Amino acid sequence: MSGKKLVHPDTKLVLGGRRKEWLRGMVNVPVSRTSTVLFESIEEIHAAYPPEDGRLSYGRNGTWTQWSLAEALTELEPGAAGTRLFPSGAAAVSIALMSVLGPGDELLMVDSAYGPTRLFCDRELKRLGIATLYYDPLATAEEVERLVTDRTRAIFMESPGSLTFEVQDVPGLCAMAKARGVTTLLDNTWATPFFFQATGKGIDLSIVACTKYISGHSDLMMGSVTAAPSHWERLARTGQGFGQYVSPDDAFLAARGLRTMGVRLRQHELGAVKVARWLKDQPQVGQILHPALDGSPGHELWARDFQGSSGLFSFALKGADKEARDRFVERLELFGIGYSWGGFESLAVPADADQLRTASSRSYDGPLVRLHIGLEDPDDLIADLAQSLAGLPASG
Ligand SMILES: Cc1ncc(COP(=O)(O)O)c(C=O)c1O
């Protein structure tokens, strides 16, 4: 089915990667497991290399199960050349960075990056002689340009940022980076390419933790990197060089999730916006850090660049201390306490961003709670939040 002109993201989700020769009469591309591929002749074995999609060579180079998912993800990103799959979102981040950087290079990393992304820079990249300089997520392209030196090889963005949800000027930063010959990478996990087409905005390497909304069911770990043509070969080579791939079973599950991602994301959006607006009116609640809400940092950029918002946001508990905040989270009955997000279920965790930032500092009305709004009825979630807010100590 691929090869047809797919215009709208919903249609792409349904048709993407479903090549006739991979489907062989079925609706879904089946799970094809293998390590060894058998050949009829030595000539045939030579013809299988270098490995590429559509040509079986060895298990680590995939079968149609993984190729189909990768192709569907590529089709969501305008002008992209290809997608590599990784065993986790964190692996996708680290290998994308490794495909660009070498000893002596400098990396500009957004200060609101996901914690393990920071750790990778501060530990592994540092060990390899690669320096990381952090920048404020709300910095303009001109302000970030002042940090660019002749050793700057890449600018990494995450928009909105982890825990505090600042939206960045991705097109502005990309235009500046292109003029300076600097590669741009984006952690696009929150919006996914359904709500934010990163390569269309100028991003060279678009990273998604498929563990979240692509899979959508909290039952697998996976990451993807989708590359612009200028960066595809290097990404594919680095992924292969590090021996990174995913099992066909996980690829099948992720593709199954992808087909319904549009309807799920819109439902997450509806629920999260309703809950966030309700929270805004509660006396115990301070700032709401939700890109779709007026007043959230970078809201105007979200309104300009995104096609929607997903189910993850934070809010401040006004005047509460961290102890009261933690008890608030524990009193919730419909929200699980746990990391990750993007599944069908609601989650709540304390969000202490202050310990992570080094290039920006923002003050909030109290300690932060991060919510993932699942597919439950938002009125039930609101009732649950109301009962837990009512249990806060009177002094806040
Ligand atoms: C924004 C973001 N990027 C990347 C990751 C890493 O994904 P994974 O848990 O699949 O390694 C996460 C995980 O929570 C995340 O929130």
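Worth saying up front: this structure is predicted, and the values here are computed from it rather than measured. (Residues numbered from 1 in each chain as written. Predicted model: local features only at pLDDT ≥ 70, side-chain atom pairs only at ≥ 80, totals over all residues. Heavy atoms only, no water.)

Looking at the overall build of the protein chain
Next up, step 1: When helices and strands are tallied, the protein chain shows 15 helices and 11 strands.
Next up, step 2: A compact globule built from 396 residues would reach a C-alpha radius of gyration of about 21 Å, and the protein chain, at 22 Å, matches this within 12%.
Next up, step 3: Overall, the C-alpha framework of the protein chain stretches about 80 × 50 × 35 Å when taken along its three principal axes.
Next up, step 4: Across the 396 residues of the protein chain, 57% fall into the buried class.
Next up, step 5: As presented, the protein chain carries roughly 16,700 Å² of accessible surface, and 53% of it is formed by carbon and sulfur atoms.
Next up, step 6: Placing the 40 positive and 48 negative side-chain charges of the protein chain at their respective mean positions leaves the two points 4 Å apart. (Helix = DSSP H or I, 4+ residues; strand = E, 2+ residues; numbered from the N terminus. Rg over C-alpha atoms; globule rule 2.2 N^0.38 Å. Buried < 20%, exposed > 50% of the residue type's maximum accessible area, 1.4 Å probe, protein only. Areas by Shrake-Rupley, 256 points an atom, 1.4 Å probe, with all protein chains shown as cover. Lys, Arg positive; Asp, Glu negative; His and termini not counted. Charge placed at Lys NZ, Arg CZ, Asp CG, Glu CD.)

Focus on the packing of aromatic side chains
Next up, step 1: For the structure shown, the criterion picks out seven aromatic pairs.
Next up, step 2: On the numbers, 5.6 Å between centres and 70 degrees between planes, the contact of Tyr213 with Trp341 is edge-to-face. Remark: Trp341 occurs in the loop between helix H14 (322-331) and strand S10 (347-351) and Tyr213 occurs in the loop between strand S6 (205-209) and strand S7 (223-227); sequence separation between them is 128 residues.
Next up, step 3: The exposure class of Tyr213 is buried, given its relative accessible area of 1%.
Next up, step 4: Under the relative-accessibility criterion, Trp341 is labelled buried at 11%. (Phe/Tyr/Trp six-rings, centres within 6.5 Å; stacked < 30°, edge-to-face > 60°.)

Concerning the side chain of Ser346
Next up, step 1: Within the element layout of this structure, Ser346 appears in the loop between H14 and S10.
Next up, step 2: A polar atom in the side chain of Ser346 sits 3.4 Å from the backbone oxygen of His372.
Next up, step 3: Polar contacts involving the side chain of Ser346 include one to the main-chain amide nitrogen of Gly374, which spans 2.7 Å.
Next up, step 4: Residue contacts for Ser346: discarding those within four places in its chain leaves Leu334, Phe335, Gly336, His372, Ile373, Gly374, Glu376 and Leu381. (Polar contact = N/O pair within 3.5 Å; in protein donor to acceptor, adjacent residues only side chain to side chain. Contact = heavy atoms within 4.5 Å.)

Brief notes about the layout of surface pockets
Next up, step 1: As a volume, the largest pocket reaches approximately 620 Å³.
Next up, step 2: Around the largest pocket, the lining comprises 31 residues; the ones closest to its centre are Tyr114, Gly115, Ser162, Trp341 and Arg370.
Next up, step 3: Every element with two or more residues in the lining of the largest pocket is listed here: helix H5 (89-98) and S10.
Next up, step 4: Grouping the constituent residues of the lining of the largest pocket by class yields 16 nonpolar, 10 polar and five charged.
Next up, step 5: Taken together, 16 residues make up the lining of the second largest pocket; nearest its centre are Pro51, Arg84, Trp232, Ala236 and Gln240.
Next up, step 6: Residue assignment for the lining of the second largest pocket shows that the elements contributing at least two residues are helix H4 (64-75), strand S1 (82-86) and helix H10 (229-241).
Next up, step 7: Take the lining of the second largest pocket: its biggest share by element is five residues, from H10.
Next up, step 8: When its residues are assigned to classes, the lining of the second largest pocket shows seven nonpolar, three polar and six charged. (1 Å grid on protein atoms, 1.4 Å probe; cavity = no way out; pocket = protein on both sides within 12 Å on 5 of 7 lines; lining within 4 Å. Points joined across faces, edges and corners; volume = space filled by probe spheres on them. Nonpolar A, V, L, I, M, F, W, Y, C, P; charged D, E, K, R; others polar.)

Description of the sheet that holds strand S11 (residues 368-372)
Next up, step 1: In spatial order, the strands read S8-S9-S11-S10; together these four strands make up an open sheet with antiparallel pairing. Since the sheet does not close on itself, it has two edges, and those belong to strand S8 (285-289) and S10, each with one partner. Within the sheet, the average angular offset between the axes of one strand and its neighbour, ignoring direction, is 25 degrees.
Next up, step 2: On top of the sheet, H14 reaches strand S9 (312-317), S10 and S11; it is set at about 170 degrees to S10, its chief contact. (Pairing = 2+ DSSP bridges. Axes fitted to C-alpha atoms, helices over the stretch in contact; angles between N-to-C directions.)

Re the site of the ligand
Next up, step 1: As a structural note, the neighbourhood of the ligand is formed by 13 residues, with Gly89, Ala90, Asp187, Thr211 and Lys212 the closest of them.
Next up, step 2: In the environment of the ligand, a nitrogen atom lies 2.6 Å from a nitrogen or oxygen atom belonging to the side chain of Asp187.
Next up, step 3: The separation between an oxygen atom of the ligand and a polar side-chain atom of Trp341 is 3.1 Å.
Next up, step 4: One can see that the ligand is located within the largest pocket.
Next up, step 5: In the shell around the ligand, the residues fall into five nonpolar, five polar and three charged. (Near = heavy atom within 4 Å. Sits in = over half its atoms within 2 Å of the grid points.)

Observations regarding empty space enclosed by the protein
Next up, step 1: Scanning the entire structure with this criterion turns up one cavity of 30 Å³ or more.
Next up, step 2: Each pocket or cavity is described by its volume, and for the largest cavity that value is around 100 Å³.
Next up, step 3: The wall of the largest cavity is formed by Asn28, Val29, Thr65, Ser68, Leu69, Ala251, Phe252, Ala255, Arg256 and Arg259.
Next up, step 4: Looking at the lining of the largest cavity, the elements with two or more residues in it are H4 and helix H11 (248-259).
Next up, step 5: By residue number, the principal contributor to the lining of the largest cavity is H11, which donates five residues.
Next up, step 6: Residues that form the lining of the largest cavity fall into these classes: five nonpolar, three polar and two charged.

Regarding the side chain of Thr192
Next up, step 1: Structurally, Thr192 is set in helix H9 (residues 192-195).
Next up, step 2: In this structure Thr192 comes out as buried when scored by relative accessible area, which is 1%.
Next up, step 3: If sequence neighbours within four positions are ignored, Thr192 has contacts with Tyr213, Met261 and Leu265.

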